[in-house]
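Examining the three-dimensional arrangement
These are the residues of each chain, in order.
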Amino acid sequence: DAGVTQSPTHLIKTRGQQVTLRCSPKSGHDTVSWYQQALGQGPQFIFQYYEEEERQRGNFPDRFSGHQFPNYSSELNVNALLLGDSALYLCASSLFPYEQYFGPGTRLTVT
Amino acid sequence: AQRVTQPEKLLSVFKGAPVELKCNYSYSGSPELFWYVQYSRQRLQLLLRHISRESIKGFTADLNKGETSFHLKKPFAQEEDSAMYYCALSGPRTGTASKLTFGTGTRLQVTL
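Everything numeric in this text was worked out from a predicted model, so none of it was measured. (Residues numbered from 1 in each chain as written. Chains lettered and ligands numbered in written order. Predicted model: local features only at pLDDT ≥ 70, side-chain atom pairs only at ≥ 80, totals over all residues. Heavy atoms only, no water.)

Take the interface of chain B and chain A next. With 18 residues of chain B at the interface, the matching set in chain A holds 22 residues. Between the two partners, chain B and chain A, sit zero salt bridges. Our count for the chain B to chain A interface comes out at four residue pairs in polar contact (both at pLDDT 80 or more). When its residues are assigned to classes, the side of chain B that touches chain A shows seven nonpolar, six polar and five charged. (Contact = heavy atoms within 4.5 Å. Salt bridge = Lys/Arg side-chain N within 4 Å of Asp/Glu carboxyl O. Polar contact = N/O pair within 3.5 Å; in protein donor to acceptor, adjacent residues only side chain to side chain. Nonpolar A, V, L, I, M, F, W, Y, C, P; charged D, E, K, R; others polar.)

Time to look at the environment of S40(B). For S40(B), the location among the structural elements is in the loop between β5 (32-38) and β6 (45-49). For S40(B) and K9(B), which are 31 residues apart along the polypeptide, the C-alpha to C-alpha distance reads 16 Å. (Helix = DSSP H or I, 4+ residues; strand = E, 2+ residues; numbered from the N terminus.)

What follows deals with the side chain of H50(B). Residue and element names in this part refer to chain B. Mapped onto the fold, H50 is located in the loop between β6 and β7 (60-61). For H50, a relative accessible area of 16% puts it in the buried group. When near neighbours in sequence (up to four residues on either side) are disregarded, H50 contacts P31, E32, L33, L63 and F70. (Buried < 20%, exposed > 50% of the residue type's maximum accessible area, 1.4 Å probe, protein only.)

All right, on to the pattern of salt bridges then. Counted by the stated rule, this structure contains eight salt bridges over all chains. In this structure, E75(A) engages R22(A) in a salt bridge whose closest nitrogen and oxygen atoms are separated by 3.4 Å. Pair noted here: E75(A) is in strand β8 (residues 74-78) and R22(A) is in strand β3 (residues 19-24), with a separation of 53 residues, a long-range link. One salt bridge in this structure joins E54(A) and R57(A), with 3.0 Å as the shortest N-O distance. Counted as one network, the salt bridges with shared partners bring together E20(B), K22(B) and K73(B).

A few words on unusual backbone geometry. A cis amide bond links S7(A) with the next residue in sequence, P8(A), at an omega value of -10°. Among the secondary structure elements, P8(A) is positioned in the loop between β1 (5-7) and β2 (10-13). Positioned with a positive phi, E51(A) is a non-glycine residue whose angle comes to about 50°. As for its position among the elements, E51(A) is in the loop between β5 (44-50) and β6 (53-57). Unlike most non-glycine residues, K57(B) shows phi in positive territory, near 55°. Within the element layout of this structure, K57(B) appears in the loop between β6 and β7.

Structure below.
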C-alpha cells in the first residue's frame with residue numbers, strides 16, 4: 001500500500017485560472033480531508049468528504065470546492081485563483097475512528 | 001472557536017538534553033489532542049494522541065485540562081528527533097473523523 005497519494009506534485013498557475021488537485025486515499029479508508037498549509041503555518045482545514053458528500057467545512061470561500069468519487073478518491077477545485085492561494089495542499093484519509101494519514105502534498109504556486 | 005498555540009518557532013537543544021515542546025489550546029468542551037511530526041522530506045505523520053497514553057520514540061505528552069496544555073516531552077534528545085512538530089486538536093468523535101486544528105509548529109533542532 002502506497003498510502004495516501006496526491007497529484008500533481010507541483011503546479012504553477014496564473015491569477016484567475018482554475019486548478020484541480022487529486023487525492024487517492026490509503027487502502028481501506030473512506031474519508032478524505034483537505035488542508036491548506038501556507039509557508040510557515042500549520043495546516044488549515046478546508047473540508048472533508050465522506051460517502052461522496054461534504055461533511056464538514058472550514059473557513060474557506062466558495063471558490064474552494066471538492067468531490068469524492070465512489071472509489072473514495074477525491075478532488076479539490078479552486079476557481080479564480082488568487083496569489084494568496086499559493087500553498088501546500090494536503091490530503092488526509094481515514095477510517096473512523098482511527099487516525100488521519102496524510103499525503104505528501106501538492107505545491108501550488110500562483111503567479 | 002478552537003485554537004492551538006505553539007509559542008516557539010524553533011527549539012534548539014543539545015543531544016542528550018531534555019526536550020519540552022509547548023502547546024496550549026482553546027476549546028469549548030473536551031477535545032482530542034495530538035502531536036504530529038514531519039521529518040525532513042517526509043510527510044506529516046502522527047506521533048501520539050492523548051487518548052492512547054502511549055510513549056512513542058521516547059516522547060510523552062500529558063493533557064492538562066486546568067492549564068489547557070498538551071506539552072510534548074522527551075528526557076534525552078537524539079539527533080534523529082530533529083524535525084517539525086505540530087500540535088493539533090479535534091472535537092469529540094462523531095460518525096466521521098473530526099477536523100484537525102493545527103498550531104503553527106515548532107522546529108526542533110538537536111545538535112551534538
